[in-house]
Amino acid sequence: MAILISQAKLNPPELRQDHIPRPALVSKLNASHHKKMTTLIASAGYGKSSLLAEWVRTFPKDIHSVWYNLEANTQDPVVFFSYLIAGLRSRWPTFGAGLEAILNRPAPLNPEQVIISLFNELEVDIQDQTLVIILDDYYLLNDPTQIDPIINLLLSHLPKTV
């Protein structure tokens, strides 16, 4: 089953003209990008997405980012992986052909198999480049019961450059 990808979900928001730079917070995020996971927590409207958008704009050329703006109804693992692959493909155009074959099988999805394949392809495509994956608005998920285990598997299998 082919998933229709909305490119808008794969781009950070544009910074408004009245955006107030937050260099101290960007510095803290810079210090954290070597960790497996960093969680940014604040109430709605406090500028989490804007801060992350500001942060990715400061990355040097050797640090790549993939942005995925989740929505409340994001709960299907195939959709989640399809967006992640599309985001990675925007940086590495040949990425994910083998993964799409796994996702399009009629058999039930095995998330661990997809993650291992994903990281095998990442290690070939990105090699020693650094990748930061941003899952924006994760807290909005209505039912994260199928996505949370995927995140746990992702974190437990991360290559050193992700």
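Procedures and definitions
- Residues numbered from 1 in each chain as written.
- Predicted model: local features only at pLDDT ≥ 70, side-chain atom pairs only at ≥ 80, totals over all residues.
- Heavy atoms only, no water.
- 1 Å grid on protein atoms, 1.4 Å probe; cavity = no way out; pocket = protein on both sides within 12 Å on 5 of 7 lines; lining within 4 Å.
- Points joined across faces, edges and corners; volume = space filled by probe spheres on them.
- Helix = DSSP H or I, 4+ residues; strand = E, 2+ residues; numbered from the N terminus.
- Nonpolar A, V, L, I, M, F, W, Y, C, P; charged D, E, K, R; others polar.
- Phe/Tyr/Trp six-rings, centres within 6.5 Å; stacked < 30°, edge-to-face > 60°.
- Buried < 20%, exposed > 50% of the residue type's maximum accessible area, 1.4 Å probe, protein only.
- Contact = heavy atoms within 4.5 Å.
- Salt bridge = Lys/Arg side-chain N within 4 Å of Asp/Glu carboxyl O.

Quick one: what's the story with the layout of surface pockets, residue by residue and with numbers?
With a probe scaled to a water molecule rolled over the atoms, the places where space remains empty come into view. Space inside the largest pocket adds up to approximately 860 Å³. For the lining of the largest pocket, the secondary structure elements donating two or more residues are helix H1 (23-32), helix H2 (48-56), helix H3 (77-91), strand E2 (130-136) and helix H6 (148-157). If you tally residues by element for the lining of the largest pocket, the top one is E2, at six residues. Looking at the lining of the largest pocket residue by residue, the classes come out as 22 nonpolar, five polar and six charged.

Residue-level account of the packing of aromatic side chains, with values.
For the structure on display, the rule yields four aromatic pairs. Taking 5.0 Å as the distance between ring centres and 10 degrees as the angle between the ring planes, the aromatic pair formed by Tyr 68 and Tyr 83 counts as stacked. Residue Tyr 68 is located in strand E1 (residues 63-69), and its partner Tyr 83 is located in helix H3; the two are separated by 15 residues in the primary sequence. Summarising the burial analysis for this pair, Tyr 68 and Tyr 83 share the class buried. Their ring planes at 75 degrees and their centres at 5.9 Å tell us that Phe 80 and Phe 81 sit as a pair that is edge-to-face.

Give me the lowdown on H2, citing residues and values where you can.
Counting buried positions over the nine residues of H2 gives eight, a clear majority of the element. Contacts made by the buried residues of H2 are with H1, E1 and E2.

Account for the pattern of salt bridges, naming residues and giving values.
Within the structure shown, the criterion is met by four salt bridges. Where Glu 14 meets Arg 57, a salt bridge forms, and the shortest distance between an N and an O atom there is 4.0 Å. One end of the pair, Glu 14, is in the segment before H1; the other, Arg 57, is in the loop between H2 and E1, and 43 residues separate them in sequence.

Account for the environment of Glu 71, naming residues and giving values.
Considering the arrangement of structural elements, one finds Glu 71 in the loop between E1 and H3. Relative accessible area serves as the criterion here: at 35%, Glu 71 is assigned to the partly exposed category. Taking C-alpha positions, Glu 71 is 9.1 Å from Tyr 139, a pair spaced 68 residues apart along the chain. Here Glu 71 is in contact with Lys 9 and Leu 141, once residues within four sequence places are set aside.

Can you lay out the environment of Pro 111 for me, pointing to particular residues and giving the numbers?
Among the secondary structure elements, Pro 111 is positioned in helix H5 (residues 111-125). Among the residues examined, Pro 111 registers a relative accessible area of 24% and is labelled partly exposed. Placed 38 residues apart in sequence, Pro 111 and Pro 149 show a C-alpha to C-alpha distance of 8.6 Å. With residues up to four places along the chain from it excluded, the contact list for Pro 111 reads Phe 81, Ile 150 and Leu 153.

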